[in-house]
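# Topology and contacts: notes
Here is how the chains run, residue by residue.
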Number of protein chains: 2
Amino acid sequence: MLRVILVEPEGEYNVGFIARLCKNFCVDELYIVNPKCDLKESLKFSAKGYDILNNAIIVNNFDDAIKGLSIKIATSSIADYEGDILRKSIKSWEINDIISKADKVGLIFGRESVGLTREEISKCDFLLHIPANPEYPVLNLSHAVGIVLYEIWKTKGKIRKKYVSYNELLLIDKYTNILYNLIKKTNGDYSLYLAMKRALFKGVEDDEDAKIIVSFLRKLYNKITHDEKE
Amino acid sequence: MLRVILVEPEGEYNVGFIARLCKNFCVDELYIVNPKCDLKESLKFSAKGYDILNNAIIVNNFDDAIKGLSIKIATSSIADYEGDILRKSIKSWEINDIISKADKVGLIFGRESVGLTREEISKCDFLLHIPANPEYPVLNLSHAVGIVLYEIWKTKGKIRKKYVSYNELLLIDKYTNILYNLIKKTNGDYSLYLAMKRALFKGVEDDEDAKIIVSFLRKLYNKITHDEKE
């Protein structure tokens, strides 16, 4: 279960965009602590996240928002000052290592103007930071939310790797070799064949791709041998 | 060099937020094709990305925006319909494998309402897609930009991978296209060209590789046209 918590958000558009992102990345719950903006205005920016925002749970204080969570992750663009353990951070891409073991995860995002207070951060288990340009690492609120939700979604929804079957690879190899034999000089430069085969083996993504590439190679062969049998 | 290209953006806030993200993630150039919103309004949302937006290059047509790029990556929330090679996508987390070899990379984002046209996508080398909730995968424009820039930023700093120069990629493209034109039927199946070019762009590792592959393709061309000049 994944809960997004916004603490005293100030921008209508940010809250709306975040509701939309919650829908894009399958967040279970949206909590808003003491909103400082007009949530009716926010609905205009929520697109198909409308219901999520409409059903958001509005609470008056921070403690009510984090109740019942097994892991609470605060977020900040200010992190990693030497000697300040509270602001020692995990990086956004490390989040899955941490939440994979938890059943109820809360992501807590602070005010656009001043972020989370030290007291709020201290009530959480981790501080998460999104690395960016050291000269200007401060992301807009909803864009920070989007990136963190995306990182979590990535490993959730990771689809099986694409796949090229043995037979298709054999055919790519076969036709590359045939073409190589047609163009090589007497003392053929074998690296011609090798480089082409390797590039195609590396670049081909799946069987659909492979079949088209084989077709390309076969058509070249037919063109050269004037033997358009296909 | 990284260039972000917005094609006919419609939302003031999106353009402003994107300028801010360009600053957050050290983008080199922002191009805007034929903006459909008031860029002066956008400046209000750009925070410290103000200068980037102020210096954005505004062009009238798509071709001017992609000029000089060695790898052009279109983006879409609509991807991967079986049989539609043009909409076959790389995932957002795969982008670094592809751009690490290029010196001038363009990321192209379409209109909020209808995205990029098929013609625009076909002028690019890859289509990138951010996986999300299958029921509602459509991210707001600026949030999509943020996620892609974040992915690229994440691996910046990592050791520079091998490198393929612009000219070699152009030559691979050129000869693939020439060969395609020699073998296509009257109503050519464009996916033949697309699949072959994409596989070679993905598979080629460095200039040494690239030169050999170009040589392979050129020899095939000479063989077909019986014009063995080399």
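Residues numbered from 1 in each chain as written. Chains lettered and ligands numbered in written order. Predicted model: local features only at pLDDT ≥ 70, side-chain atom pairs only at ≥ 80, totals over all residues. Heavy atoms only, no water.

### Considering the overall build of chain A
On a plain count of helices and strands, chain A comes out with ten helices and seven strands. Computed over C-alpha atoms, the radius of gyration of chain A comes to 27 Å, more than 25% over the 17 Å expected from 2.2 N^0.38 for 230 residues, which places it beyond the range of a compact globule. Dimensions of chain A along its principal axes, counting C-alpha atoms only, are 80 × 45 × 35 Å. Out of the 230 residues in chain A, the part that is buried amounts to 53%. Within the structure as shown, chain A displays about 11,000 Å² of accessible surface, and the carbon and sulfur contribution to it stands at 50%. (Helix = DSSP H or I, 4+ residues; strand = E, 2+ residues; numbered from the N terminus. Rg over C-alpha atoms; globule rule 2.2 N^0.38 Å. Buried < 20%, exposed > 50% of the residue type's maximum accessible area, 1.4 Å probe, protein only. Areas by Shrake-Rupley, 256 points an atom, 1.4 Å probe, with all protein chains shown as cover.)

### Observations concerning the sheet that holds strand E5 (residues 90–91) of chain A
Residues and elements named next belong to chain A. Taken together, seven strands build an open sheet; the order of strands is E3-E2-E1-E6-E4-E7-E5 and the sheet is parallel. Of all strands in the sheet, those with a lone pairing partner are strand E3 (57–59) and E5, marking the two edges. Sheet topology note: the E5/strand E7 (residues 126–129) ladder contains two bridges and is parallel. Bridged to Lys91 within E7 is His129. With respect to the sheet, helix H7 (residues 141–156) is in contact with strand E1 (2–7), strand E6 (105–109) and E7, its orientation differing from that of E6 by roughly 160 degrees. (Pairing = 2+ DSSP bridges. Contact = heavy atoms within 4.5 Å. Axes fitted to C-alpha atoms, helices over the stretch in contact; angles between N-to-C directions.)

### Remarks on the nonpolar core
Counting residues in hydrophobic clusters, the biggest one holds 143 residues, and the most contacted among them are Val4, Leu30 and Leu107 of chain A together with Val4, Leu30, Ile73 and Leu107 of chain B. Judged by nonpolar contacts, the second largest core, of 16 residues, contains Val7, Val33, Ile108 and Leu116 of chain A. (Core = buried A, V, L, I, M, F, W, Y, C linked by side-chain atoms within 4.5 Å.)

### What about the packing of aromatic side chains?
The geometry of an aromatic ring pair comes down to the distance between the two centres and the angle between the two planes. This model, assessed by the stated rule, comprises 21 aromatic pairs over all chains. Look at Phe17 of chain A and Phe17 of chain B: their rings are 6.3 Å apart centre to centre, the planes differ by 80 degrees, and that puts the pair in the edge-to-face class. One end of the pair, Phe17 of chain A, is in helix H1 (residues 12–24); the other, Phe17 of chain B, is in helix H1 (residues 12–24), on a second chain. Residue classification places Phe17 of chain A among the buried positions, given a relative accessible area of 2%. (Phe/Tyr/Trp six-rings, centres within 6.5 Å; stacked < 30°, edge-to-face > 60°.)

### Comments concerning the interface of chain A and chain B
In this assembly, 65 residues from chain A lie in contact with 69 residues from chain B. Regarding the contact of chain A and chain B, the summed buried area is about 5,900 Å², with carbon and sulfur atoms giving 69% of it. The largest share of the area that chain A buries against chain B comes from Tyr136, Tyr150 and Phe216 of chain A, three residues that together contribute 13% of it. For the pair chain A and chain B, the number of links is six salt bridges. We note a salt bridge from Glu208 of chain A to Lys88 of chain B, for which the minimum N-O separation is 3.1 Å. Scanning the region where chain A abuts chain B turns up 32 residue pairs in polar contact (both at pLDDT 80 or more). Sorting the residues of the side of chain A that touches chain B by element identifies H1, H7, helix H8 (166–183), helix H9 (190–203) and helix H10 (207–225) of chain A as the ones contributing at least two each. (Buried area = accessible area lost by both parts, 1.4 Å probe. Salt bridge = Lys/Arg side-chain N within 4 Å of Asp/Glu carboxyl O. Polar contact = N/O pair within 3.5 Å; in protein donor to acceptor, adjacent residues only side chain to side chain.)

### Section: the pattern of salt bridges
All names here are of chain B. In the structure shown here, the tally under the stated rule is 29 salt bridges over all chains. A salt bridge links Asp80 to Lys91; the nearest nitrogen and oxygen atoms lie 3.4 Å apart. Of the two residues, Asp80 is situated in the loop between strand E4 (71–75) and strand E5 (90–91) and Lys91 in strand E5; the sequence distance between them amounts to eleven residues. Accessibility expressed as a relative area gives 9% for Lys91, which makes it buried. When the shortest N-O distance is used, the salt bridge between Lys197 and Asp125 registers 2.7 Å.

### Points about the side chain of Arg87 of chain B
You can see Arg87 of chain B is positioned in the loop between E4 and E5. Despite its burial, Arg87 of chain B pairs with no opposite charge; the closest candidate is Asp84 of chain B, at 4.5 Å N-O. (Lys, Arg positive; Asp, Glu negative; His and termini not counted.)

### Looking at the environment of Phe126 of chain A
Residue and element names in this part refer to chain A. Residue placement: Phe126 occurs in strand E7. Separated by 121 residues in the primary sequence, Phe126 and Ile5 have C-alpha atoms spaced 14 Å apart. Here Phe126 is in contact with Ile71, Lys72, Ile73, Ala74, Ile90 and Ile98, once residues within four sequence places are set aside.

### Overview of the pairing of strand E7 (residues 126–129) of chain B
Residue and element names in this part refer to chain B. Because side chains alternate across E7, one face comprises the buried residues Phe126 and Leu128, and the other comprises Leu127 and His129, equally buried. Relative to E7, E4 is paired through three bridges, and the arrangement is parallel. Residue pairing for E7: Ala74 is matched across the bridge by Leu127.

### Section: the state of the cysteines
If you walk through the whole model with that rule in mind, you get zero disulfides over all chains. Cys37 of chain A takes part in no disulfide bond, and the closest cysteine sulfur, belonging to Cys22 of chain A, lies 14 Å away. Accessibility expressed as a relative area gives 12% for Cys37 of chain A, which makes it buried. You can see Cys22 of chain B has no disulfide; the closest cysteine sulfur is in Cys26 of chain B, sitting 10 Å from it. Overall, the relative accessible area of 1% leaves Cys22 of chain B in the buried class. (Disulfide = S-S within 2.5 Å.)

### Quick word on the domain arrangement of chain A
Here chain A is described as being made up of domain 1 (2–156) and domain 2 (166–225). Each of domain 1 of chain A and domain 2 of chain A was reduced to a C-alpha centroid, and the two centroids are 50 Å apart. (Domains from an automatic or database assignment.)

### Focus on the sheet that holds strand E6 (residues 105–109) of chain B
Residue and element names in this part refer to chain B. With respect to topology, seven strands assemble into an open sheet ordered E3-E2-E1-E6-E4-E7-E5, the strand pairing being parallel. Looking at the sheet topology across the chains shown, the edges are occupied by strand E3 (57–59) and E5. Across five bridges, strand E1 (residues 2–7) lies against E6 in parallel orientation. Note that in E6 the partner of Ile5 across the bridge is Ile108.

### Quick notes on H9 of chain A
If you check H9 of chain A, its first and last C-alpha atoms are 20 Å apart, about what 14 residues at 1.5 Å a residue would give, namely 20 Å. Restricting attention to buried positions, one finds in H9 of chain A the residues Leu192, Tyr193, Ala195, Met196, Lys197, Ala199, Leu200 and Gly203 of chain A. (Expected span 1.5 Å × (residues − 1).)

### Let's talk about the pairing of strand E2 (residues 29–33) of chain A
It is a general feature of regular strands that their side chains alternate between the two faces of the sheet. All names here are of chain A. Burial runs high along E2: four of the five residues are buried. As paired elements, E1 and E2 share five bridges and run parallel to each other. Counterpart to Leu6 in the pairing with E2 is Ile32. Between the parallel elements E1 and E2, the chain passes through H1 in a crossover that is right-handed. Sheet topology note: the E2/E3 ladder contains three bridges and is parallel. By the bridge assignment, Tyr31 is partnered in E3 with Ile57. (Right-handed = clockwise from strand over helix to strand, strands pointing away.)

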